[in-house]
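Spelled out from the first residue to the last, the chains are:
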Amino acid sequence: LALSIIISSSHAKRPFVPTSIGNIRRSSQTSHHYYTLYDSPEVHYKLLELKERYPDFVTLETAQEKYGLPSVGDEKDCVYERWDSEGNEINDSYIGCKNYILTIEDKIAHSSDGGGETAKYLPEVFLSGALHGDERVGPTAVMETISLILEAAMCESIPRSTFPLHDKSSNFEKDLEEWEDDVDESKRCMDSLSNRGIDKSTRQWLARLVTTRRIVVMPTANALGFDRKRRDEGVLDPNRDFGYDLKTEGDDNSRKIVCKQLLQEVSMKFFVFQLAVTFHAGMEAIAYEWGAPSYEGHFSPDHESQTQISNALRVYSGKIDSRAYPVDTMNDLVYSVRGGMEDWAYAGSWDHKHSVKCSPTTYGIYPIEKTTYEDYTLRAFNVLIETSASKLPRENTLGISQDLFSSSSLSKNNGHVSRNIRLSLLMIDMVEPYISVVSVGERHISNDIIPRMKPEKRSCMKTKVFRVSAESEYIDLKWIVGGSIQVDETRLMYAKWSDLHSSFDGINQPDEKHYDDLLHLSEKTNRKKHGKQVYFTDIQTGFTEWHKESEEILEGSHHNPSGTSFTATVNLSHFKHGDKIAVFALAKVDESWSSHGEYDVKPDINPQTHIANVRTNPEWHYQTKDGTKAVQGRLRWFSIPVTLQLVEESSTSIIEEISVRSPIEELKATSIEGLSVFSARTLFVVLTSILLILFMMARFELYKICGGIEKKRSSARRRSSFDMMELQKMVVVFKREEEKLT
């Protein structure tokens, strides 16, 4: 009876969910490659491939189906779109080129059921590959960027659990086989990325970008021009077609083309973009607002944030032939443009003096009300990237995929594609600040953000948890701060879980009011009065890797894309055996973005972008008309907390991670990258009990199995994380033998 209880309790209460990873095996890269420029059919079929391979992350739509816009061109254009990836002819009414929109978000992690409004507040970033069809680097850089982060996210998402999730109603043999396949696939995937120079921390950073952001991509917004290898869409220049700073109201140049109408629909109705990148070519530059003739000689109200982000892009994109991107305003570095996309995306909703309404009839009547903007739209920092002097650079200047994130790749092996992959990744990173606890004592936390995993409120009490001896008086924790330039304030906050308000759930950002309440409670007199134990470490400040003072990165001296680290000491003497302590890292960042300082700005108003106000202005709140997308300003950003379980141990140095991958697993399961002592001891009890029963039953053959597994278990604790996966598979097989024995 005791044995049957042990066995039945070792299985989770919900069934294992199989993963769709078959396609990833066929096309995962196993070595580096030299980048080559995509042509129009390659972009098309790559988009279809990504949609098929990553259904939990990718949504692929066309402007024609989603927004009712016409296709452009004739029967000679984009002929490859008439067949799907399997070679089957597609029967639709569209002639010419369709405009594709690919959206990346973690549909499982941010599903609508439970867990708060995480999908509503996902920060949004936009990548445009080709507004001019003959400028070829942008689409390739965009496609390589999204392929890389999707591969890393899928890799980091498997296996879905530490052990097979199994209940009595499902087939255990099938669950075990699927889980073992996932473990094997995880190893192959990690090896593939590692062979290209992508280590664990970088892989986790790339996966975080997928799961904590919404990324909207138009690789070829000007699909007709890209297919024809021509600048224009037909005979019209897309980047003179936006309704901003035109000469007259209703200027005939505005919104005649489908490319612009598409960008209008995406920006107006469905997204609240904070950052955007538009790629061009013909020179090398990183340029920001203003680019409108009416503002020549003046900076924008958001000059402080725009220049800091642009300089960070310069640093991380690196050098080619000892030459980094020059950085300045579009008016000063490039040239002034009426009807340009960047100024329109930045100021179209609030600079009413220069925002223009129109109703073009080029492809049928486009209603004028669609050019009347709501306050939540067109407040993005839209940076212009001139990728290269040549619009069709030589292939030996594009770069290679090997060691894309090493310091040497920022100079020696850099190219026009590789530098703009990193630039795109930085824009995705910068769209929202984040903090992550990375180690407890000397133990590195196994997992950061696991994609395709639906968190539950306070499920972090199982997915980020350490056992610590109650005899320990102090313990150090390390954390990183990312998604920002300057760290104005960062510290640790720790308390018993039972003393925290429910808004501290490990999923949603806590309210400022509840933070202020805890700060008040942390005062010694108030702790005694209210009987709650809340503590803060000393405030620290610093810069992230993206700060302009970190330009030694350009010289190849160091590089860490996942953030800048801080360390502080938690005093455990305030707590006792049995306490469960939540440790949050928190930070205030980029406070200088809240004003334009002493710059000569025009118009002379406060910063207007979402990106500046969301991290500096708690009163800032905008949402779409349907209420599905929103931005909310705040001053402080909180990490997912780490739980410290104080246990009664004679040793004062015991620090053991007992985290599980899935919130629906039991805590006693081992982590995928390290067998905890707690789990080992639990396993030892089970093994010992079974050994006694086997001895009584004189089953010598099974006794040899137990002995073999015990030896491999002991040696595996000294082997790599991949060997640990093999150990876990053996443990599962052994449990199957237990069931037969019972």
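All figures in this text were calculated on a predicted structure; none of them were measured in a lab. (Residues numbered from 1 in each chain as written. Predicted model: local features only at pLDDT ≥ 70, side-chain atom pairs only at ≥ 80, totals over all residues. Heavy atoms only, no water.)

Let us now look at a nonpolar patch on the surface. Together, Tyr45, Val79 and Trp83 line one region of the surface with nonpolar side chains, adding up to about 240 Å² of accessible area. Looking at the secondary structure, you find valine 79 in the loop between helix 4 (63-67) and strand 2 (100-104). (Patch = residues over 30% accessible without salt bridge, like charges linked within 9 Å, V, L, I, M, F, W, Y side chains within 5 Å. Areas by Shrake-Rupley, 256 points an atom, 1.4 Å probe, with all protein chains shown as cover. Salt bridge = Lys/Arg side-chain N within 4 Å of Asp/Glu carboxyl O. Helix = DSSP H or I, 4+ residues; strand = E, 2+ residues; numbered from the N terminus.)

This part takes up the packing of aromatic side chains. Scanning the model with the defined rule gives 22 aromatic pairs in all. Plain terms: the ring middles of tyrosine 494 and phenylalanine 575 are 6.2 Å apart, the flat faces sit at 55 degrees to each other, and that makes the pair tilted. You can see tyrosine 494 sitting in strand 15 (residues 486-496) and its partner phenylalanine 575 sitting in the loop between strand 18 (564-571) and strand 19 (580-589), a full 81 residues away along the chain. Residue tyrosine 494 shares its accessibility class with phenylalanine 575, and that shared class is buried. Seen from their ring centres, tyrosine 515 and phenylalanine 536 are 5.9 Å apart, and the 85 degrees between their planes marks the pair as edge-to-face. Of this pair, tyrosine 515 sits in helix 15 (residues 512-521) while phenylalanine 536 is found in strand 16 (residues 534-536), placing the two residues 21 residues apart along the sequence. As far as burial versus exposure is concerned, tyrosine 515 and phenylalanine 536 are alike and both buried. (Phe/Tyr/Trp six-rings, centres within 6.5 Å; stacked < 30°, edge-to-face > 60°. Buried < 20%, exposed > 50% of the residue type's maximum accessible area, 1.4 Å probe, protein only.)

Another point: the confidence of the model for the chain. Scored by pLDDT, the chain has a mean of 81; 74% of the residues are at 70 or more. Of the regions scoring below 50 in pLDDT, residues 1-30 engages in 68 contacts with residues more than four places distant in sequence or in other chains. (pLDDT = per-residue confidence, 0-100. Contact = heavy atoms within 4.5 Å.)

Any two packed helices are characterised by how steeply their axes cross, that is the angle between the axes, and by the distance between the axes. Look at helix 10 (residues 303-317) against helix 13 (residues 416-430): their axes get within 8 Å of each other, and the N-to-C directions meet at 140 degrees. Taken as axis vectors, helix 10 and helix 13 run oblique relative to one another. Between helix 10 and helix 13 lies a crossing of right-handed hand. Residue-level contacts link Ile309, Ala312, Leu313, Tyr316 and Ser317 of helix 10 to Arg419, Arg422, Leu423, Leu426, Met427 and Met430 of helix 13. For the contact of helix 10 with helix 13, the per-class residue count stands at 8 nonpolar, 1 polar and 2 charged. (Axes fitted to C-alpha atoms, helices over the stretch in contact; angles between N-to-C directions. Parallel < 35°, antiparallel > 145°, perpendicular 65-115°, else oblique. Left-handed = near helix turned anticlockwise from the far one by under 90°. Nonpolar A, V, L, I, M, F, W, Y, C, P; charged D, E, K, R; others polar.)

For helix 7 (residues 200-211), with 12 residues, the first-to-last C-alpha span of 16 Å sits near the 16 Å given by 1.5 Å per residue. For helix 7, a buried count of 10 out of 12 residues is recorded, marking the element as mostly surrounded by other parts of the structure. Among the residues of helix 7, those classed as buried are Thr202, Arg203, Gln204, Trp205, Leu206, Ala207, Arg208, Leu209, Val210 and Thr211. (Expected span 1.5 Å × (residues − 1).)

Our focus in this paragraph is empty space enclosed by the protein. Inspection of the entire model under this criterion finds 4 cavities of 30 Å³ or more. The volume enclosed by the second largest cavity comes to roughly 100 Å³. In terms of lining, the second largest cavity is formed by Ser40, Val43, His44, Leu47, Cys78, Tyr80, Glu81, Lys98, Tyr100, Thr220, Ala223 and Phe226. It is helix 3 (residues 40-53) that contributes the most residues to the lining of the second largest cavity, 4 residues altogether. For the lining of the second largest cavity, a count of residues per class yields 7 nonpolar, 3 polar and 2 charged. (1 Å grid on protein atoms, 1.4 Å probe; cavity = no way out; pocket = protein on both sides within 12 Å on 5 of 7 lines; lining within 4 Å. Points joined across faces, edges and corners; volume = space filled by probe spheres on them.)

By the criterion of burial, strand 5 (residues 273-280) is predominantly enclosed, with 8 of the 8 residues buried. Looking at chain direction, strand 3 (residues 124-128) and strand 5 are connected through 5 bridges and run parallel. Bridging from a neighbouring strand, valine 125 pairs with leucine 275 of strand 5. Sheet topology places strand 5 next to strand 10 (residues 381-388); 6 bridges connect them, and they run parallel. Directly across from valine 277, in strand 10, lies its bridge partner valine 383. (Pairing = 2+ DSSP bridges.)

Below, the discussion takes up the state of the cysteines. This model, assessed by the stated rule, comprises 1 disulfide. A sulfur-sulfur separation of 1.9 Å characterises the disulfide bridge that pairs cysteine 78 with cysteine 97. Between cysteine 78 and cysteine 97, the S-S torsion sits near 90 degrees, and that sign places the bridge as right-handed. In this pair, cysteine 78 is assigned in the loop between helix 4 and strand 2 and cysteine 97 in the loop between helix 4 and strand 2, connecting sequence segments 19 residues apart. Cysteine 97 matches cysteine 78 in its accessibility class, with the two residues each being buried. (Disulfide = S-S within 2.5 Å.)

Turning our attention to unusual backbone geometry. Along the chain, isoleucine 158 connects to proline 159 via a cis peptide bond; the corresponding omega equals -5 degrees. Within the secondary structure, proline 159 is located in the loop between helix 5 (137-157) and helix 6 (172-195). Cis geometry is found at the peptide bond from glutamate 289 to tryptophan 290, where omega equals 10 degrees. On the secondary structure map, tryptophan 290 appears in the loop between strand 6 (283-288) and helix 10. Despite not being glycine, lysine 229 shows a phi value in the positive range, around 60 degrees.

Read across the open sheet, the 4 strands follow the order 12-11-14-18; overall the sheet is antiparallel. This sheet does not close on itself; its edge strands, each paired only once, are strand 12 (443-444) and strand 18. Of the strand pairs in this sheet, strand 11 (residues 434-440) and strand 12 are connected by 2 bridges, and their pairing is antiparallel. Counted as the bridge partner of serine 439 is histidine 444 from strand 12.

This part is about the packing of helix 5 against helix 13. Viewed as axis vectors pointing N to C, helix 5 and helix 13 meet at an angle of 60 degrees, and their least axial separation amounts to 8 Å. Considering the angle they form, helix 5 stands oblique to helix 13. For the crossing formed where helix 5 meets helix 13, the hand is right-handed. Of the residues in helix 13, those touching helix 5 at Val137, Thr140, Ala141, Glu144, Thr145 and Ile149 are His416, Val417, Asn420, Ile421, Ser424, Leu425 and Ile428. Its residues assigned to classes, the contact of helix 5 with helix 13 comprises 7 nonpolar, 5 polar and 1 charged.

Take asparagine 413: it is sitting in the loop between strand 10 and helix 13. For the pair asparagine 413 and lysine 319, spaced 94 residues apart in sequence, the C-alpha to C-alpha distance is 9.3 Å.

With that out of the way, let us pick up the pairing of strand 3. The side chains of a regular strand alternate between both faces of the sheet. Here strand 3 lies mainly inside the structure; 5 of its 5 residues are buried. Alternating positions in strand 3 separate into two faces, Glu124, Phe126 and Ser128 on one and Val125 and Leu127 on the other, with burial throughout. Judged from the 5 bridges that link them, strand 3 and strand 4 (residues 214-218) form a sheet pairing that is parallel. Within strand 4, the position partnered with valine 125 by the bridge is isoleucine 215.

A separate point is the sheet that holds strand 3. Taken in spatial order, the 8 strands line up as 1-2-4-3-5-10-6-9 in an open sheet, and their pairing is mixed. Both outer strands of the open sheet, strand 1 (58-62) and strand 9 (327-329), are each paired with one neighbouring strand and no more. Here the average twist between neighbouring strands, direction ignored, is 20 degrees. With 3 bridges joining them, strand 2 and strand 4 adopt antiparallel strand pairing. Bridged to leucine 102 within strand 4 is valine 217.

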